[in-house]
Amino acid sequence: MTTRAGFIALIGEPNAGKSTLLNRMVGAKVSIVTHKVQTTRARIRGVAIEGESQLVFVDTPGLFKPRRRLDRAMVAAAWGGAADADITLLLIEAHRGVTEGVEQILEGLGEVTKGRKVALLINKIDRVKSETLLALTKDMNERFDFTETYLISAEKGHGVDALRKWLAEMVPEGPWLYPEDQIADLPMRMIASEITREKLTLRLHQELPYQLTVETENWEERKDGSARIDQIVYVMRDGHKGIILGKGGETAKAVSKAAREELEEFLGRRVHLFLQVKVRPNWLEEAERYTEMGLNFKDGN
């Protein structure tokens, strides 16, 4: 019996649906999904098994025009993910078509993937008519030599099984890269931070976009099988601290409860979660914060 394994990079503009697709492929919630763009900061790997093949997905931050150091580090991580992969999947949105951002990605794609397989995934196909899809497929394939094109809905699951089967046939022959029961190679501390950050983003989407980061400072295994997790939410200004705490600490309590419930489901055991909010005006310029997020500080230069 021949086993296969390989790395598959998902690239595209922010909000194209990369995290939703990754979660559907892996069958578990690994990458955080929010309606805010640029929520995926590090290259989260999810692992899916299809027959005798192990598919290791690298979910990259959305590619966009970087303005700040954090943005530049995120874009470098995204292109780095594509450069290291056996197969690259470019995800675009059916209803948005060939945007300026997609054109920019196409410009850099050939150089980064260097002759390796690149498939085009047209996502959110339920939003447009079939003739629009045909025209978009033709247009994109004239612009770049894609190995395959898949029309999918990551949210509803259309076309995803066929894509998974194709990937299973295309990854290189070789031993599996991860133990069978491992779905993500991110340390659990980081997944815990991401879950809390997702809850904060969903709850405060208007007021506090990217000026916060969450770090898991302490993780203690208890004798009764539960875990105590201490996290710090870093914000840039005093005013932000008030927003996160909310009136009488209400917001922080609600976020903590939602994060704890999801962590308990993810870990399959009880969790005691403690959140603290600290003001660090310069956290965007601190190398240590980038390391915590799985990014390279120097990539932001």
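Residues numbered from 1 in each chain as written. Predicted model: local features only at pLDDT ≥ 70, side-chain atom pairs only at ≥ 80, totals over all residues. Heavy atoms only, no water.

Engineer: How would you explain the overall build of the chain if you had to name every residue and give the values?
Structural biologist: Counting secondary structure elements, the chain contains 9 helices and 9 strands. In the chain, the proportion of contacts linking residues at least 24 apart, taken out of those at least 6 apart, comes to 72%. Of the roughly 14,200 Å² of accessible surface on the chain, 48% is carried by carbon and sulfur atoms. (Helix = DSSP H or I, 4+ residues; strand = E, 2+ residues; numbered from the N terminus. Contact = heavy atoms within 4.5 Å. Areas by Shrake-Rupley, 256 points an atom, 1.4 Å probe, with all protein chains shown as cover.)

Engineer: Describe the side chain of Lys18, with residues and values.
Structural biologist: Relative to the helices and strands, Lys18 resides in helix H1 (residues 18-26). A polar atom in the side chain of Lys18 sits 3.4 Å from the backbone oxygen of Gly12. A polar contact of 2.9 Å, which involves the side chain of Lys18, links it to the backbone oxygen of Glu13. (Polar contact = N/O pair within 3.5 Å; in protein donor to acceptor, adjacent residues only side chain to side chain.)

Engineer: Quick rundown of the sheet that holds strand S9 (residues 271-279)? Include the residues and the values.
Structural biologist: Taking strand neighbours across the sheet as the criterion, the 3 strands line up as S7-S8-S9 in an open arrangement whose pairing is mixed. Of all strands in the sheet, those bounded by a partner on one side alone are strand S7 (212-221) and S9. Within the sheet, the average angular offset between the axes of one strand and its neighbour, ignoring direction, is 20°. In this sheet, S9 lies alongside strand S8 (residues 227-235) in parallel orientation, the contact comprising 9 bridges. Following the sheet pairing, Ala227 is matched in S9 by Val271. Packing of helix H7 (residues 238-245) onto the sheet brings it into contact with S7, S8 and S9, and relative to S9 it is tilted by some 155°. Its contacts with the sheet put helix H8 (residues 250-267) on S7, S8 and S9, and the angle it makes with S9 is roughly 135°. (Pairing = 2+ DSSP bridges. Axes fitted to C-alpha atoms, helices over the stretch in contact; angles between N-to-C directions.)

Engineer: Give a description of the confidence of the model for the chain that names residues and reports values.
Structural biologist: Here the chain shows a mean pLDDT of 83. Residues at 70 or above account for 84%. No element of the chain has a lower mean pLDDT than helix H2 (residues 69-83), at 70, and none a higher one than strand S6 (residues 148-151), at 97. (pLDDT = per-residue confidence, 0-100.)

Engineer: Any chance you could break down the environment of Val160 for me, citing the residues and the numbers?
Structural biologist: Summarising the element assignment, Val160 is placed in helix H5 (residues 160-170). Assessed through its relative accessible area of 1%, Val160 is described here as buried. Sequence separation between Val160 and Met25 is 135 residues; the distance between their C-alpha atoms is 7.4 Å. Excluding residues within four positions of it along the chain, Val160 makes contact with Leu21, Arg24, Met25, Ile152, Ser153 and Ala154. (Buried < 20%, exposed > 50% of the residue type's maximum accessible area, 1.4 Å probe, protein only.)

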